[in-house]
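Here is how the chains run, residue by residue.
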Amino acid sequence: MEAVTPSGRLYVPSLPTLWPGMLVSKPKPGALPPFSSPNVRYFYFARNAVWLTVKMLGLDKGEVLMPAYHHGVEVEALVDAGATPRFYRVGSRWDVDLEDVARRIGPKTKALYLTHYAGFPGPAEAMRKLADQHGLVLIEDCALSLLSSDGAVPLGTTGDVGIFCLYKTLPVPNGGALVVNGARSYSLPEPPSPPSASTFSHTVSALLQNLELRGGLVGRTLRGLVRTVGHGTVKAASIERVATGTQHFDRKHVDLGMSPLTRRIALAQDLESIVEKRRRNYFYLLGRLRDVVPPLFNQLPPGACPLFYPMVVQEKAEVLARLRAKGIDAIDFWKRFHPACDAAAFPEVAQLRRSIVEIPCHQDLSPEVMADVALVVRDAVRAERRTKKRAG
Ligand SMILES: Cc1ncc(COP(=O)(O)O)c(C=O)c1O
């Protein structure tokens, strides 16, 4: 695979693309949660699962202890469902401060909320113990950690519930999941399928990205054309395209389910091979970048399935602009605090929000492409240093 377009430009999308064969492949047994879980409900978004968890477990009118390092949309979903978030400290290496969590448990606390960041396992077992000691619910947010395990323990199986997002790791048009662990089985409603036009639109766009990734002039041109025509058509026909990856919770979509096509594509994936490729790409970046940027983590824990390579930079906007100009769709990771969280009380998190850039390392990127990615990233970081030196 080339990932270099005929113009000589790299094309590295932030998410995996859809290979046409995946639409017709035979289903493979899913050996990891949520696919392997006996009690699971699928939704359009993971945020819908957060909302339903609050309602289902009666957490509304109570307090939930959440990490100060959060996306924001999960906090919005929880607030919309009626719960009150309180925040606990997370350190500069994404480490949960368990003492701070324990200190903040009060009479109104009903649940602990643990987020596993970008495939890196958080302290699920310790949080489970703490929750049990105080008779609290444990929510495990694996929206960024599908297919990830802590050694032999799959993430999302220690909490009372595990919440997953499918479309950040797999090339599916939508999808979130709520897994209920333990003996108690809730009869969860089966949400309705989303508008097919929306699923179709996301699917076509992932297929075109695949064409472009494979270096075809046809793909690149077609993608540009479809984008232009597509925007007009969607507007003219007032097709409701429910965008994924958005920053805010919208109550209008809370009951929206996952499309049957997502299920089909998800079941066609070779999950083990995805984990393997992501780990391979991550290790490659670690080896190639550690001399120019000290890594956030010096290793990848056994079983972890990285969502991306978290790179610490000083001038986020500049590095992002340089990478994007070279065709790498790097993402600004979690810039803002939810307004309910006092940023001044969590300086390490504020610093993380200023400095982490997502470098793609997903399953679609071959070793050759990763070699180009590493070169571009090294150049971008060196250029950032030069700018800083001149300015200082
Ligand atoms: C930690 C966390 N939880 C939940 C969500 C919500 O995921 P979704 O976009 O599927 O609603 C996100 C989204 O990025 C997230 O980062």
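Just so you know, the residues in each chain are numbered from 1, in the order the chain's sequence is written. Confidence filtering applies because this is a predicted model: local features only for residues at pLDDT of at least 70, side-chain atom pairs given and counted only at 80 or more, and all residues used for totals across whole chains, interfaces and linings. In computing side-chain values, all of the structure's heavy atoms are included and hydrogens and water are not.

Looking at an unreviewed UniProt entry, the chain carries the name Aminotransferase, with the source organism given as Myxococcus stipitatus. UniProt positions are given in the numbering used here, feature names are shortened, and annotations may be inferred rather than shown by experiment. UniProt lists a comment for the chain under the heading Sequence similarities (unreviewed entry), and it reads "Belongs to the DegT/DnrJ/EryC1 family."

> For this particular structure, what's the right way to read the overall build of the chain?
For the chain, the count of helices and strands is eleven helices and twelve strands. Relative to its length of 392 residues, the chain is compact, with a C-alpha radius of gyration of 21 Å against a globular reference of 21 Å. Over its C-alpha atoms, taken along the principal directions, the chain stretches across nearly 60 × 55 × 40 Å. Relative to its full complement of 392 residues, the chain shows a buried share of 55%. Partitioning the contacts of the chain with sequence separation of at least 6, the portion at a separation of at least 24 is 74%. Note on areas: Shrake-Rupley, 1.4 Å probe, and residue coverage restricted to the protein chains presented here. For the chain, the accessible surface area stands at approximately 17,100 Å², while carbon and sulfur atoms represent 56% of it. Of note, the chain has its 49 positive side-chain charges centred 4 Å away from the centre of its 37 negative side-chain charges. Numbering goes from the N terminus for both helices and strands, where a helix is a DSSP run of H or I of at least four residues and a strand is a run of E of at least two. What the globule rule says is 2.2 Å times the number of residues to the power 0.38, and the radius of gyration is computed from C-alpha atoms. For every residue, the accessible area (1.4 Å probe, protein chains only) is compared with the maximum for its type, and the residue is labelled buried under 20%, exposed over 50%, or partly exposed between those bounds. Here a residue-residue contact requires only that any non-hydrogen atoms of the pair lie within 4.5 Å. Neither His nor the chain ends contribute to the count of charged residues, in which Lys and Arg are positive and Asp and Glu negative. To locate a charge, take NZ of a lysine, CZ of an arginine, CG of an aspartate or CD of a glutamate.

> How should the site of the ligand be read in this particular structure?
As a matter of local geometry, the ligand sits amid 14 residues, with Ala46, Arg47, His71, Asp141 and Tyr167 nearest to it. Identification of polar contacts relies on pairs of N or O atoms within 3.5 Å, with a donor-acceptor requirement for protein atoms, meaning one able to donate a hydrogen and the other able to accept it, and with residues adjacent in sequence counted only if both atoms are side-chain atoms. Separating an oxygen atom of the ligand from a side-chain N or O atom of Arg47 is a distance of 2.6 Å. In this structure, Asp141 approaches the ligand through a side-chain N or O atom, which is 2.7 Å from a nitrogen atom. For the ligand, the protein covers 98% of the area, taking 390 Å² as the surface of the free molecule. Mapped by element, the contributors of at least two residues to the shell around the ligand are helix H1 (46-56) and helix H2 (73-80). Amino acid classes used here: Ala, Val, Leu, Ile, Met, Phe, Trp, Tyr, Cys and Pro are nonpolar; Asp, Glu, Lys and Arg are charged; the rest, including Gly, are polar. Tallied by class, residues from the shell around the ligand come to eight nonpolar, two polar and four charged. For this purpose, a residue is taken to be near a molecule or strand whenever a single non-hydrogen atom of the residue falls within 4 Å of it.

> Mind showing me how you'd approach the packing of aromatic side chains here?
The geometry of an aromatic ring pair is captured by the separation of the ring centres together with the interplanar angle, meaning the angle of the planes. Each pair of aromatic rings taken from Phe, Tyr and Trp, with Trp reduced to its six-membered ring, is defined by centres within 6.5 Å and is described as stacked if the planes are under 30 degrees apart, edge-to-face if over 60, and tilted in the remaining cases. Under the defined criterion, the tally for this structure stands at 15 aromatic pairs. Ring geometry for Tyr44 against Phe45: centres 5.0 Å apart, planes inclined by 80°, an arrangement best described as edge-to-face. Classification of Phe45 as buried rests on a relative accessible area of 3%. An aromatic cluster of three or more residues is present, and its members are Tyr69, Trp94, Tyr117, Phe120, Tyr282, Phe297, Phe308, Tyr309, Phe333 and Trp334. Against the face of Phe45 rests Arg47, its NZ or CZ located 4.0 Å from the ring centre. In this analysis the charged atom, NZ for Lys or CZ for Arg, is taken to sit over a ring once it is within 6 Å of the ring centre and within 35 degrees of the ring normal.

> Got a minute to help me understand the packing of H1 against H2 in this structure?
The description of two helices packed together rests on the angle between their axes and the distance between the axes. Lines are fitted to the C-alpha atoms to define the axes, a helix being fitted only along its stretch in contact, and any angle between axes, read from their N-to-C directions, falls within 0 to 180 degrees. Running from N to C, H1 and H2 point in directions that differ by 35°, and their axes come no closer than 8 Å. Between H1 and H2 lies a crossing whose hand is right-handed. Contacts from Arg47, Val50, Trp51 and Val54 of H1 reach H2 at Val73, Glu74, Ala77, Leu78 and Asp80. Tallied by class, residues from the contact of H1 with H2 come to six nonpolar, no polar and three charged. Should the near helix be turned anticlockwise from the far one by less than a right angle, the crossing is termed left-handed; should it be turned clockwise, right-handed.

> How should the domain arrangement of the chain be read in this particular structure?
Size of an interface, as often reported, equals the accessible area lost when the parts are brought together. Domain boundaries shown here were taken from an automatic or database domain assignment. What the domain assignment reports for the chain is domain 1 (40-180) and domain 2 (271-391). Taken over C-alpha atoms, the centre of domain 1 sits 24 Å from the centre of domain 2. In this complex, domain 1 contributes 34 residues to the contact, which on the side of domain 2 involves 33 residues. Put simply, buried area is how much 1.4 Å-probe accessible surface two parts lose in total, over both of them, once they are put together. Between domain 1 and domain 2, a total of about 2,800 Å² is buried, with carbon and sulfur atoms accounting for 70% of that surface. Looking at the side of domain 1 facing domain 2, the largest losses of area belong to Tyr69, Phe120 and Leu147, adding up to 24% of the total buried there. When a carboxyl oxygen of Asp or Glu is within 4 Å of a side-chain nitrogen of Lys or Arg, the pair counts as a salt bridge. For the pair domain 1 and domain 2, the number of links is one salt bridge. Glu348 is the partner of Arg89 in a salt bridge, and the nearest nitrogen-oxygen pair spans 2.6 Å.

> Whenever I open this one, the nonpolar core confuses me. Can you help?
A general tendency of soluble globular proteins is for nonpolar side chains to be buried together. Residues belong to a common nonpolar core when they are buried Ala, Val, Leu, Ile, Met, Phe, Trp, Tyr or Cys residues joined through side-chain atoms within 4.5 Å. Formed by 128 residues in total, the largest nonpolar core has its most connected members in Tyr69, Trp94, Leu112, Leu147, Leu178, Met311 and Leu323. The biggest single contributor to this core is helix H11 (residues 367-391), with eight residues. Mapping this core onto the domain boundaries places at least three of its residues in each of domain 1 (40-180) and domain 2 (271-391). Setting aside residues no more than four positions away along its own chain, Tyr69 makes contact with Val90, Trp94, Tyr117, Phe333, Trp334, Val349, Leu352, Arg353 and Ile356.

> How should I be thinking about the environment of Gly182 in this particular structure?
Along the chain, Gly182 falls in the loop between strand E9 (176-180) and helix H5 (196-213). Overall, Gly182 belongs to the exposed group, its relative accessible area being 66%. Sequence separation between Gly182 and Asp342 is 160 residues; the distance between their C-alpha atoms is 35 Å.

> Explain the sheet that holds strand E8 (residues 161-165) to me, please; I cannot follow it from the model alone.
Sheet strands associate in pairs through backbone hydrogen bonding, adopting either a parallel or an antiparallel arrangement. Across the sheet, seven strands lie side by side as E1-E9-E8-E5-E4-E2-E3; this open sheet has mixed pairing. Of all the strands in the sheet, just strand E1 (40-43) and strand E3 (84-88) have a single pairing partner and so form its edges. Adjacent strand axes in the sheet meet at a mean angle of 20°, parallel and antiparallel pairs treated alike. One bridge is not enough; two strands pair if DSSP finds at least two bridges between them. Bridging between E8 and E9 involves five bridges; their strand directions are antiparallel. Residue pairing across strands places Ile163 opposite Leu178, the latter belonging to E9.

> Which parts of the structure should I look at to understand the layout of surface pockets?
Unoccupied space between atoms shows up once a probe the size of one water molecule is rolled over them. Estimated volume of the second largest pocket: approximately 280 Å³. Grid spacing is 1 Å over the protein atoms alone, the probe is 1.4 Å, and a cavity is where that probe fits but cannot get out, while a pocket is an open set with protein on both sides within 12 Å along at least five of seven lines and lining residues have an atom within 4 Å of a point. Pro294, Leu296, Val312, Val313 and Ser355 are the residues nearest the centre of the second largest pocket, which is lined by 17 residues in total. Of all the secondary-structure elements, those providing two or more residues to the lining of the second largest pocket are helix H10 (347-355) and H11. A total of four residues in the lining of the second largest pocket trace back to one element, the largest contributor, which is H10. Of the residues in the lining of the second largest pocket, the class split is nine nonpolar, four polar and four charged. Grid points are joined across faces, edges and corners, and a volume is the space filled by probe spheres set on the points.

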